[in-house]
Structure formats: C-alpha cells, structure tokens
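Each chain, written out:
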Amino acid sequence: MNLKVVGIQFSYNHSPVLDGISFNLARGQILGVLGVNGAGKSTLLKCLNRILSPKTGSILLNEFDVHKMCQNEVARHFGYVPQKYPEESFTVFDAVLLGRKPYIKWSASAHDLMIVEDILRRLNIENLAQRPANQLSGGELQKVVIGRALAQEPDVLLLDEPTSNLDLKNQLQVINIISRAVREYNISAIVSLHDINLALRFVDHFLMLKGGVVHFLSPKEMVTPADIEEVYGVRVIMSQVNGHKIIVPMDVEPERSLE
C-alpha cells in the first residue's frame, strides 16, 4: 500500500488553508500532522477521504485516484475518526457494526459479525458490547469510534486529535491502540495531534504545517527544537526521559495588560 498526496490546495470562502501539500505514506507507518490551531490539520484529513474537495492536487492510493472512487470505495480504504461525533443510542456492538456499512448489501453477514466481535476483543471492550454508546466515558467512547473505523478494514486510518479531552491514562491507551492496530492489521495511520510529546512517542514521521504549507516533513528523529519554535512560536528544549524524547516549552513573552 502506498498513499501519494501531491499539491493539495484548499480554501474556505477564498481564504487559503492548504497550499501545495505533498507527502508519501507507506504501509505500516504512522504520520503525525502537527501545527497551531487553524494550520489546516483537520482540513487535510477531510480532503484525504473526500469529505472536502481540494481545489487542485491529487490523492493516489496504490496509484488509483481517490477522487474517482465512489463513496463506498473511499470508505473501504479510509477509516475516519473525527474530533467530534454525535451521541448515539446504539449499543457498542451496533456502533462498531456501522463500520461494515460499505460492505453490507441487505443485512450483516456472519463474517461481518465475526469482524466486530474480533475488534471488540482486540480493543478489550467486549464487556461493553450491549451498553448504549451514549452512556460511555470519553475514553470508552473513543475506543468504540476507533473500532468502527477498523471495522471498515481500511488501508489508512485518519484520526483527528484522537486524544483530545482524554485523561493521561486514556491518552496512552488510545495511542497504544492506534500503534497496535497499525502493526496487527498491517495498515497505516495519519493522526493530527496537538501534543508534541505524544507524537514523539508513537508516530514515525512528522508533517508540520505552517501558513498552509508543509514546514517540516521527516522522520521524527530529525525534528529539532528550532523546527518546533518556527512552527509554534515558542522556544523549547529537547531532553530524554527513560529513552523517550520530550519537549519542554520555555516561558513565552508575557502579554500586554488588558487595562
């Protein structure tokens, strides 16, 4: 599997958001998309799975043009986990089963049910199968939504800030689920994140957006404090704790008094 993105441009009401975004992603890799609020991280993910249509550029999956695929084909190749999702009264089992929609013609088959059961087991939420999804904690619900995306049997997972609004334990559980899913299902993932330290912990490559363009695209080992300062406008230092790189922000300039 190879995803090739070339020259993506997108604007909201003639205001440019993405300008010439290009990158390649191979099977088994996790790409972290980082940048300040409004940098275009969510917009990029929505362009990749055709929620939004880029003004120019191409998206090729295994040399096939994504923009020539029907919506069911797109859903079979890209599993999308948005920042926000509506509350649902479905049971957890049925919520994950919705991920099989691109494959179901009349009713769910034994194969579809088996896939859902396997995902619930892998995510360690089989005990929640008959619970209404709208009665779950934030961490439990995030696992269900990731499970739904995995039920699509995608080539690429697209996850928009999957750890936002989660406590520390659930953040680590979610990133471990993503890492394990990429490895066990032999797929790839593109994850937008605000937390640079989480990104340093589990992504393979950084794609840092600034001003609508790619400021930095490289293996995470090559990211430097200077790159982060240029993108975020904050001076940082880089250190190591238990073999993990960490970023520590320094003090920023105090804002002027509002008086």
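The paragraphs below set out a description of the structure included in this document. (Residues numbered from 1 in each chain as written. Predicted model: local features only at pLDDT ≥ 70, side-chain atom pairs only at ≥ 80, totals over all residues. Heavy atoms only, no water.)

Let us now look at the sheet that holds strand β2 (residues 15–26). Judged by pairing direction, the sheet is antiparallel, and its 4 strands sit side by side in the order β2-β1-β4-β5 without closing on themselves. Edge strands, defined here as strands with exactly one partner in the open sheet, are β2 and β5 (64–65). The pairing of strand β4 (residues 56–61) with β5 spans 2 bridges and is classified as antiparallel. If you follow L60 over to β5, its bridge partner there is D65. Contacts between helix α1 (residues 41–48) and the sheet are confined to β1 (2–12), β2 and β4, with β2 contributing the most and set at about 60° to the helix. (Pairing = 2+ DSSP bridges. Helix = DSSP H or I, 4+ residues; strand = E, 2+ residues; numbered from the N terminus. Contact = heavy atoms within 4.5 Å. Axes fitted to C-alpha atoms, helices over the stretch in contact; angles between N-to-C directions.)

Looking now at the sheet that holds strand β8 (residues 188–192). Taken in spatial order, the 6 strands of this open sheet run β6-β7-β8-β3-β9-β10, and their pairing is mixed. Edge positions in the sheet fall to β6 (78–81) and β10 (213–219), since each of these pairs with one other strand and no more. Strand after strand, the sheet turns through a mean of 15° between neighbouring axes, direction not considered. Relative to strand β9 (residues 205–210), strand β3 (residues 30–34) runs parallel, the two sharing 4 bridges. Within the sheet, the bridge partner assigned to L34 lies in β9 and is M208. Strands in contact with helix α6 (residues 168–184) are β3, β7 (156–160) and β8; relative to β8, the strand with the most contacts, it is inclined by about 155°. Contacting β3, β9 and β10, helix α8 (residues 225–232) runs over the sheet at an angle of about 35° to β9.

Scanning the entire structure with this criterion turns up 1 aromatic pair. One Lys or Arg, R100, reaches over the ring of Y103 and ends 4.2 Å from the middle of that ring. (Phe/Tyr/Trp six-rings, centres within 6.5 Å; stacked < 30°, edge-to-face > 60°. Lys NZ or Arg CZ within 6 Å of the ring centre and 35° of its normal.)

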